[in-house]
Amino acid sequence: MATTDSDTLATGNATLIILTPRIVTVVAICLSLYQLYTAGIAALTALVQRSIHLGAILVLTFLLKPPFDRARKDRLSLWVVMDWILVAASIYCTAYICINLTAIFERQGDWLAADRIVSIVGTILVLEACRRVIGVIMTGICLLAMIYAYFGPYMPELIIHKGYSIERIATTLWLTTEGIFGLPIGVAATFVFVFVLFGAFLETTGGGAFFIELAYALTGRYAGGPAKTSVVASGFMGSVSGSAVGNVVATGSFTIPMMKKVGYRPHVAGAIEAAASTGGQLMPPIMGAGAFLMAEFTNTSYLTIIKAALVPAIMYYTTVLFFVHYEAKKYGLMGQPKENLPKIGKVIREGLHFIIPVIILIYVLVNNYSPMMAGFVAVVSTLAASLAANTIRWRMVPSHGDQARASAVAFAAGEFKGILTALETGAKNAIMVSVACAAAGIIVGMVTLTGMGLKFSSLVLDLSFGIEVLAILLIGAASLVLGMGLPVTASYIVLATLAGPALLDMGVPLMVTHMIVFWYSQDANVTPPVSLASFAGAGVAGANPMRTAFTSWKLAKGLYIIPIVMAYRPLLGMGDSYELLHWQVGWTILVTMLGLIAFASAIERYLIRSASWIETVLFWLAAAGLFWPSYWTDSVGLVAFVLAIMLQKWGRHGA
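Colleague: Help me out: how do you make sense of the overall build of the protein in this one?
Modeller: For the protein, the count of helices and strands is 29 helices and zero strands. Evaluated residue by residue, the protein yields a buried proportion of 54% over its 655 residues. In the protein, once contacts between residues fewer than 6 apart in sequence are set aside, the share between residues at least 24 apart is 75%. Here the protein displays about 27900 Å² of accessible surface, and carbon together with sulfur accounts for 68% of that area.

Have a look at this one:
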């Protein structure tokens, strides 16, 4: 009898293993279709929309991510059964909200025993998903936030509060929109997902390869051409990918070998790709999840956010391009012969249908449609353009009779499979950002419940002595520490909640505050000791990780300088006087761009040729003067820069 029971258990376990990949595919496709439906056809109540989204994400997480590195999910084990128990619990806890939505709204604060149990279990499920997907550091921060909320009366005087019961903590997190189902997961479940899906459709239909080919055709013949291709291609792809590390791996697999082939040292090739991919998160129109979150946090239109973000992003990429150019010139790395490069006309003709959805997306955004609708239109237009182009190509191949019918069936099957693949890929790509946003909701909920945001803001003000630049540097340091364990989206949410109010208290405008925080939330991608994008680039390049990290840190210097300029100058289009605003913004763009070029020249000791010590000193003086927010120092900086250029052009070359 025992043997029979054991055989039955083994058979059931084996069945689960066989069915799991198929169930994952079905859940992922259904989630993507659900998100498209709610984005473009019918909206749902916030709590319902977010709970269904999170429920599906939790199911995918527990079926795809093993609980431990050594936990095998491809053979009979206890872990398989445990994961399915977690899947069942995830479905129940999220369905509980949808089924009892009206009753939950009516009994706010007067909770039933079932409410308390579901809330505790749901919170634990999010923590476990966070541990599997993000890591123990983010999970630990979430736990510390809840411990702080519970043990408030026993905290140091600076951060003491009255404390809250387990019931209050759990129900706030799970049964309201103040915790797990708050703003972060709301953004992930609406705007972010459809744009992640847009990126998946572009990639699946060949859009990623097209943009790389286009960048190569545009830049390949110049000095250091493959590196400039990397910068441009990463700008194209990073904006829609939502992940600097993912962008490094995706575009770097093409661009890093090209860079090494023309003579770039491996660690430099990896660093260029890491710095360029990090900038993709800053580049409109999509900016990963940042633009959507910022629009919600600041109660500003999405179009306003991306217009303000465009100039700083271009500045960042221009700085990286100058570093790349200097590296190429110093080491004699020439571009590819024109005959070896793809013809730009041919590239555009073959990939024109990939440009059309981007144009449609920009048109929809400019006409003030919601980001959700814009994402929906982008996905549908990408699919329609790809189907139209592929159909035209298929019809151009002559076939008759049975061959034509077989060809039509094969074509239809291939296109249908491609659509399903894109839907599945989009849902899987959204797992990390959705889990990060759900976990960040725990932190935001506890900060709001305990009033920790105001306390942290006061601490930053005290430590910075009310000096803006010191406060910004403190936020930068905090972002670096947070970024070692948190993805960019979560780091931005936490910093905006905790540190943002300090800058607001100093008089920094709301949008400028959030843009500064968002820029600094990127720095852990390229800043040692933990710089994930750099490490990914080193892996593709076969280079030393720390050497790659320090090189990418140098290349990405605009990431640290430009936010400080935002605080002191109207770089985002904000000024005290409307009449002077355009002039102020234009002057700010000019001197900041020249300052960044002077800064890159000073670090690399190169502009037209290798710089002498006198020229290098002039470059440093020019950078300092042009960055300092004063017209007198601007004048000094411009004079120093002009002198350095004149010496470079007509002076005697010396060390």
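Read on, since the account is not over.
Colleague: What is the right way to look at the nonpolar core in this model?
Modeller: Grouped burial of nonpolar side chains is what soluble globular proteins tend to show. Membership of the largest hydrophobic core comes to 188 residues, with the highest contact counts inside it found for Trp174, Tyr264 and Tyr316. Ranked by residue count, the leading element in this core is helix H14 (residues 302–330), at 15 residues. Setting aside anything within four residues of it in sequence, one finds tyrosine 316 in contact with Ala275, Thr278, Gly279, Leu282, Trp519, Ala556, Gly558, Leu559 and Ile562.

Colleague: What should I look at first to understand the confidence of the model for the protein in this one?
Modeller: Close inspection of predicted coordinates is inappropriate for parts of the model with low pLDDT. This prediction gives the protein a mean pLDDT of 81; 87% of its residues lie at or above 70. Considering only residues more than four positions removed or in separate chains, one finds that residues 575–579, a stretch of pLDDT under 50, has five contacts.

Colleague: Looking at this structure, I do not really get the pattern of salt bridges. What am I missing?
Modeller: In this structure the tally under the stated criterion is eleven salt bridges. As a salt-bridge pair, arginine 265 and glutamate 327 come within 2.6 Å of each other at their nearest N and O atoms. On the criterion of sequence distance, the pair formed by arginine 265 in the loop between helix H11 (244–261) and helix H12 (266–280) and glutamate 327 in helix H14 is long-range, its members being 62 residues apart. Arginine 265 gets classed as partly exposed once you look at its relative accessible area, which sits at 30%. Residue glutamate 327 is classed as buried on the basis of its relative accessible area of 7%. Counted as one network, the salt bridges with shared partners bring together Asp83, Glu128, Arg131 and Arg132.

Colleague: Quick question: what am I supposed to make of the side chain of threonine 20 here?
Modeller: Looking at where threonine 20 falls in the secondary structure, it is placed in helix H1 (residues 2–40). Residue classification places threonine 20 among the buried residues on the basis of a relative accessible area of 13%. Those residues in contact with threonine 20 that sit more than four places away from it in its chain are Leu63 and Trp84.

Colleague: Is there a simple way to think about helix H13 (residues 290–298) in this case?
Modeller: Every α-helical turn comprises 3.6 residues, leaving residues that sit three or four positions apart pointing alike. Counting buried positions along H13 gives seven out of nine residues, so the element sits mostly inside the fold. Taken together, the buried positions of H13 are occupied by Gly290, Ala291, Phe292, Leu293, Met294, Ala295 and Thr298. Among the structural elements, helix H8 (183–204), H14, helix H16 (371–395), helix H21 (488–498) and helix H23 (510–520) are those in contact with the buried residues of H13. Following H13 by one or two positions, asparagine 299 adopts a phi angle in the positive range, close to 55°.

Colleague: Would you mind going over the packing of H13 against H21 with me for this structure?
Modeller: The geometry of a pair of packed helices is captured by two quantities: the angle between their axes and the separation between those axes. Where H13 meets H21, the axes come as close as 11 Å, and the angle between the chain directions of the two elements is 15°. Put simply, H13 runs roughly parallel to H21. Between H13 and H21 lies a crossing whose hand is right-handed. Residues Leu293, Met294 and Phe297 of H13 lie in contact with H21, whose contacting residues are Thr489, Tyr492 and Ile493. A per-class count over the contact of H13 with H21 returns five nonpolar, one polar and no charged.

Calculation criteria
Residues numbered from 1 in each chain as written. Predicted model: local features only at pLDDT ≥ 70, side-chain atom pairs only at ≥ 80, totals over all residues. Heavy atoms only, no water. Helix = DSSP H or I, 4+ residues; strand = E, 2+ residues; numbered from the N terminus. Buried < 20%, exposed > 50% of the residue type's maximum accessible area, 1.4 Å probe, protein only. Contact = heavy atoms within 4.5 Å. Areas by Shrake-Rupley, 256 points an atom, 1.4 Å probe, with all protein chains shown as cover. Core = buried A, V, L, I, M, F, W, Y, C linked by side-chain atoms within 4.5 Å. pLDDT = per-residue confidence, 0-100. Salt bridge = Lys/Arg side-chain N within 4 Å of Asp/Glu carboxyl O. Axes fitted to C-alpha atoms, helices over the stretch in contact; angles between N-to-C directions. Parallel < 35°, antiparallel > 145°, perpendicular 65-115°, else oblique. Left-handed = near helix turned anticlockwise from the far one by under 90°. Nonpolar A, V, L, I, M, F, W, Y, C, P; charged D, E, K, R; others polar.

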